[in-house]
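# Descriptive analysis of the structure
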Amino acid sequence: MNNRDRRQFAPATQRNRTAILEVLQTVLPTAGTVLEIASGTGEHAVFFAPQFPDLIWQPTDLRPESLESIKAWQDYQSTPNLKSPFQLDVCQQSWPIENEAIASSINTIVNINMIHIAPWAACEGLMAGAERLLPTGGLLYLYGPFKRQGEHTAPSNAAFDASLRATDPDWGVRDLAAVEAIAVQHQLQLQQVIPMPANNFSVIFINNA
Ligand SMILES: C[S@@+](CC[C@H](N)C(=O)[O-])C[C@H]1O[C@@H](n2cnc3c(N)ncnc32)[C@H](O)[C@@H]1O
């Protein structure tokens, strides 16, 4: 099997990437490094990185097969500002990338569709890592479905939540207020909540330490 054959495909990335890009174009800084957490297949990374040629895009994921897919997408659609992926488990007390030279240039963390498809500890770990890595004014961008005031924002999200919990009782659509409460403990201030297509949200936090 050649490297190209290791590309994985997540059809949702094709559906959501343009709307996410439009938000990123309004919020990303003009220089620095974007640390993408839970890059999955790598399709977002190869789509977003060329749109921001003055930024470095650093993909990561927990799973070795995702890292293989990201590398394969990178070989297929080479982009000079897209770095080779690192393995990163947000639940670790310290992330390996914190010891790399690139850490000092990271001013943005992007995390798409992870915190509902992972235990709550992943949300806590993400916020803790964002506090350790982001400089003051640094940005954490989240995308996904969220409950608001304890309620689902659409019947389809309630059904999705039930299917997630049936797959793994530790997964589930998170309440934005609960996510914000953890963020605040880590010096991350909620800056913007932007409704997105298909009952998703872009959620932007700023490190105000
Ligand atoms: C639904 S996929 C989303 C992938 C990609 N961001 C996208 O939108 O297509 C969820 C991703 O979260 C990753 N993930 C789950 N738990 C994680 C953890 N503890 N640390 C880092 N990544 C994790 C999985 O490996 C998977 O790639």
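Before any of the text, the structure's been laid out above.
Since the structure is predicted, the reported quantities are computational estimates derived from the model, not experimental observations. (Residues numbered from 1 in each chain as written. Predicted model: local features only at pLDDT ≥ 70, side-chain atom pairs only at ≥ 80, totals over all residues. Heavy atoms only, no water.)

## Some words on the site of the ligand
- Surveying the vicinity of the ligand reveals 18 residues, the closest of which are Ala38, Asp61, Asp89, Val90 and Ile112.
- Alanine 38 is positioned such that a nitrogen or oxygen atom in its backbone is 2.7 Å from a nitrogen atom of the ligand.
- Separating a nitrogen atom of the ligand from a backbone N or O atom of valine 90 is a distance of 3.0 Å.
- Protein chains shield 86% of the accessible area of the ligand, which is 600 Å² for the free molecule.
- Structurally, the ligand is housed in the largest pocket.
- Broken down by class, the residue content of the shell around the ligand amounts to 9 nonpolar, 6 polar and 3 charged. (Near = heavy atom within 4 Å. Polar contact = N/O pair within 3.5 Å; in protein donor to acceptor, adjacent residues only side chain to side chain. Areas by Shrake-Rupley, 256 points an atom, 1.4 Å probe, with all protein chains shown as cover. 1 Å grid on protein atoms, 1.4 Å probe; cavity = no way out; pocket = protein on both sides within 12 Å on 5 of 7 lines; lining within 4 Å. Sits in = over half its atoms within 2 Å of the grid points. Nonpolar A, V, L, I, M, F, W, Y, C, P; charged D, E, K, R; others polar.)

## Digging into empty space enclosed by the protein
- Applying the stated criterion across every chain yields a total of 1 cavity of 30 Å³ or more.
- When its volume is computed, the largest cavity comes out at roughly 30 Å³.
- When residues in the lining of the largest cavity are grouped by element, the largest group, 3 residues, is from strand β5 (residues 139-144).
- Each residue belonging to the lining of the largest cavity can be placed in one class, and the counts come to 5 nonpolar, 2 polar and no charged. (Points joined across faces, edges and corners; volume = space filled by probe spheres on them. Helix = DSSP H or I, 4+ residues; strand = E, 2+ residues; numbered from the N terminus.)

## As for the pattern of salt bridges
- Considering all chains together, one arrives at 5 salt bridges under this definition.
- Residues glutamate 65 and arginine 63 are paired through a salt bridge, measuring 3.8 Å at the closest nitrogen-oxygen approach.
- The class for glutamate 65 is partly exposed, based on a relative accessible area of 38%.
- On the accessibility criterion, arginine 63 (39% relative accessible area) is partly exposed.
- For lysine 71, the salt bridge is made with glutamate 68, and the minimal N-O distance between the two is 3.7 Å. Of this pair, lysine 71 and glutamate 68 both sit in helix α3 (residues 64-76), 3 residues apart, which is roughly one turn of the helix.
- A relative accessible area of 28% places glutamate 68 in the partly exposed class.
- Taken together, the shared-partner salt bridges connect Arg6, Glu68 and Lys71 into one network. (Salt bridge = Lys/Arg side-chain N within 4 Å of Asp/Glu carboxyl O. Buried < 20%, exposed > 50% of the residue type's maximum accessible area, 1.4 Å probe, protein only.)

The quantities given are spatial measurements derived from coordinates; they are silent on function.
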